[in-house]
Amino acid sequence: MHKVVWDMDPGIDDALALILALKSPEIQVLGITTVAGNAPVKMTSANARRVLEYLNAESIPVAMGASHPLNHSLEDALSYHGPDGLGNCDLPPPKLLLYPAKAWDFLVRLVWDAPGEVTLVATGPLTNVAYAFELHPELPGLLARLVLMGGAYGLTGYGKGNQTPYAEFNIWQDPEAAHIVFNSGADIFAVGLDVTMDPAACLNRQHLERVKTRHTPAAHLVAQLVEYEVKYHGCCRMHDPLALAVLLDASLFDYILARVEVVKGNDWDRGVTRILLSNSSRLIHVASAVDGPRFLKLFLSRILEE
Ligand code: RIB
Ligand code: CA
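In this text, all values refer to a predicted model and were calculated from it rather than measured experimentally.

Focus on the overall build of the chain
Thinking step 1. Per the secondary structure count, the chain includes 13 helices and 9 strands.
Thinking step 2. Over its C-alpha atoms the chain spans a radius of gyration of 17 Å, differing by no more than 12% from the 19 Å that the globule rule assigns to 306 residues.
Thinking step 3. Projected onto its principal axes, the C-alpha coordinates of the chain cover approximately 50 × 45 × 35 Å.
Thinking step 4. Per-residue burial over the chain gives 59% buried out of 306 residues.
Thinking step 5. Accessible surface for the chain amounts to roughly 11,700 Å². Of this, 54% is attributable to carbon and sulfur atoms.

Here we look at the nonpolar core
Thinking step 1. Among the nonpolar cores identified, the biggest contains 65 residues, and Trp6, Ile32 and Phe299 are the most heavily contacted of them.
Thinking step 2. The leading source of residues in this core is helix H11 (residues 217-233), at 9 residues.
Thinking step 3. The contact partners of Phe299, leaving out residues within four places of it in the chain, are Leu16, Leu20, Leu203, Val222, Met238 and Pro241.
Thinking step 4. In terms of nonpolar packing, the next biggest core, distinct from the first, is built from 38 residues, Ala66, Val118, Leu120 and Val260 among them.

Comments concerning the layout of surface pockets
Thinking step 1. By volume, the largest pocket amounts to about 320 Å³.
Thinking step 2. Taken together, 22 residues line the largest pocket, and the ones lying closest to its centre are Asn38, His81, Asn162, Phe169 and His239.
Thinking step 3. Sorting the residues of the lining of the largest pocket by element identifies helix H1 (12-22), helix H3 (78-81), helix H7 (169-173) and helix H12 (239-248) as the ones contributing at least two each.
Thinking step 4. Residues that form the lining of the largest pocket fall into these classes: 6 nonpolar, 7 polar and 9 charged.

What to know about the site of ligand 1
Thinking step 1. Taken together, Asp9, Asp13, Asp14, Asn38, Thr123, Met149, Asn162, Glu168, Phe169, Asn170, His239 and Asp240 are the residues near ligand 1.
Thinking step 2. One of the side-chain N or O atoms of Asp13 is found 2.5 Å from an oxygen atom in ligand 1.
Thinking step 3. Protein contacts shield 96% of the accessible area of ligand 1, which totals 280 Å² for the unbound molecule.
Thinking step 4. Put simply, ligand 1 lies in the largest pocket.

Re the packing of aromatic side chains
Thinking step 1. Considering all chains together, one arrives at 7 aromatic pairs under this definition.
Thinking step 2. Taken together, a centroid distance of 5.4 Å and an interplanar angle of 85° make the contact between Phe189 and Tyr255 edge-to-face. Highlighted residues: Phe189 in strand S6 (residues 188-191) and Tyr255 in strand S7 (residues 253-262), separated in sequence by 66 residues.
Thinking step 3. Taking the relative accessible area as the measure of exposure, Tyr255 reaches 26% and is therefore partly exposed.
Thinking step 4. Between Phe295 and Phe299, the ring centres sit 6.4 Å apart and the planes meet at 40°, which makes this aromatic pair tilted. Linking Phe295 with Phe299, this pair stays in helix H13 (residues 292-304), spanning 4 residues, or about one helical turn. Like Phe299, Phe295 is buried.

Cut-off values and rules
- Residues numbered from 1 in each chain as written.
- Chains lettered and ligands numbered in written order.
- Predicted model: local features only at pLDDT ≥ 70, side-chain atom pairs only at ≥ 80, totals over all residues.
- Heavy atoms only, no water.
- Helix = DSSP H or I, 4+ residues; strand = E, 2+ residues; numbered from the N terminus.
- Rg over C-alpha atoms; globule rule 2.2 N^0.38 Å.
- Buried < 20%, exposed > 50% of the residue type's maximum accessible area, 1.4 Å probe, protein only.
- Areas by Shrake-Rupley, 256 points an atom, 1.4 Å probe, with all protein chains shown as cover.
- Core = buried A, V, L, I, M, F, W, Y, C linked by side-chain atoms within 4.5 Å.
- Contact = heavy atoms within 4.5 Å.
- 1 Å grid on protein atoms, 1.4 Å probe; cavity = no way out; pocket = protein on both sides within 12 Å on 5 of 7 lines; lining within 4 Å.
- Points joined across faces, edges and corners; volume = space filled by probe spheres on them.
- Nonpolar A, V, L, I, M, F, W, Y, C, P; charged D, E, K, R; others polar.
- Near = heavy atom within 4 Å.
- Polar contact = N/O pair within 3.5 Å; in protein donor to acceptor, adjacent residues only side chain to side chain.
- Sits in = over half its atoms within 2 Å of the grid points.
- Phe/Tyr/Trp six-rings, centres within 6.5 Å; stacked < 30°, edge-to-face > 60°.

Right, dumping it as structure tokens:
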């Protein structure tokens, strides 16, 4: 069982990853924190609660976090995820109230309550995580590990940027936060575009038709989310579900151990994640390959079951 605290910016693929987690007995989601990224933070906070309520998981608390990156204004991705950030799905607005704490304070509280036992999953810009680490420098060492979706490391032909030709969205959005997190000493597993942009790891129209044959709430919601991406983007990229899959079956991935430099500021190379071949400390695990078909088989088996 993995005890998970999850910082996210739902977003279609964050929502797909959350549904996967809720359908996976290996994962216990202790709490969710939300950050500005794919959508403004009030919208990502509403979307996390919309999904939880729909799947009867409203006991999982949601705490709202940063409304913009540390040193930049927000550049959202609603043009990709739809006006509501969730592919215009038919989920009603949330009834659930937000947990009465700032995200970074909530993150700290959950980790402190179970030192060494909690895995932090981060599938949005790293603003909240950086705040938590800056407030409590001992926090990275109290995590079981940190699994994050972010970066483009040039380890495969897919490892190019998606926000700029060189940088991945989460890291580009808040490179200063990513620099803090990547140098925090946490045991980091980074899943970047090198593996998430592999076409073998993306859902297509045929997968969608299979999901449509199931009439459970989870399958119904997955079908809506995937339909939107297939309709407007040709396939459904599984960036965040792949990050979660590190906890479900680590054998799906190959990794390299490396130091990663994050380019800060706002020039052409903002958010570039550069592998530094050094034997220094602050090494992180970077996913260098994924078994895409086996990942999709795992995802669909969880979503299609009762
Ligand atoms: O670059 C893809 C990442 O940015 C995903 O986590 C997506 O949800 C957005 O946050
Ligand atoms: Ca995300």
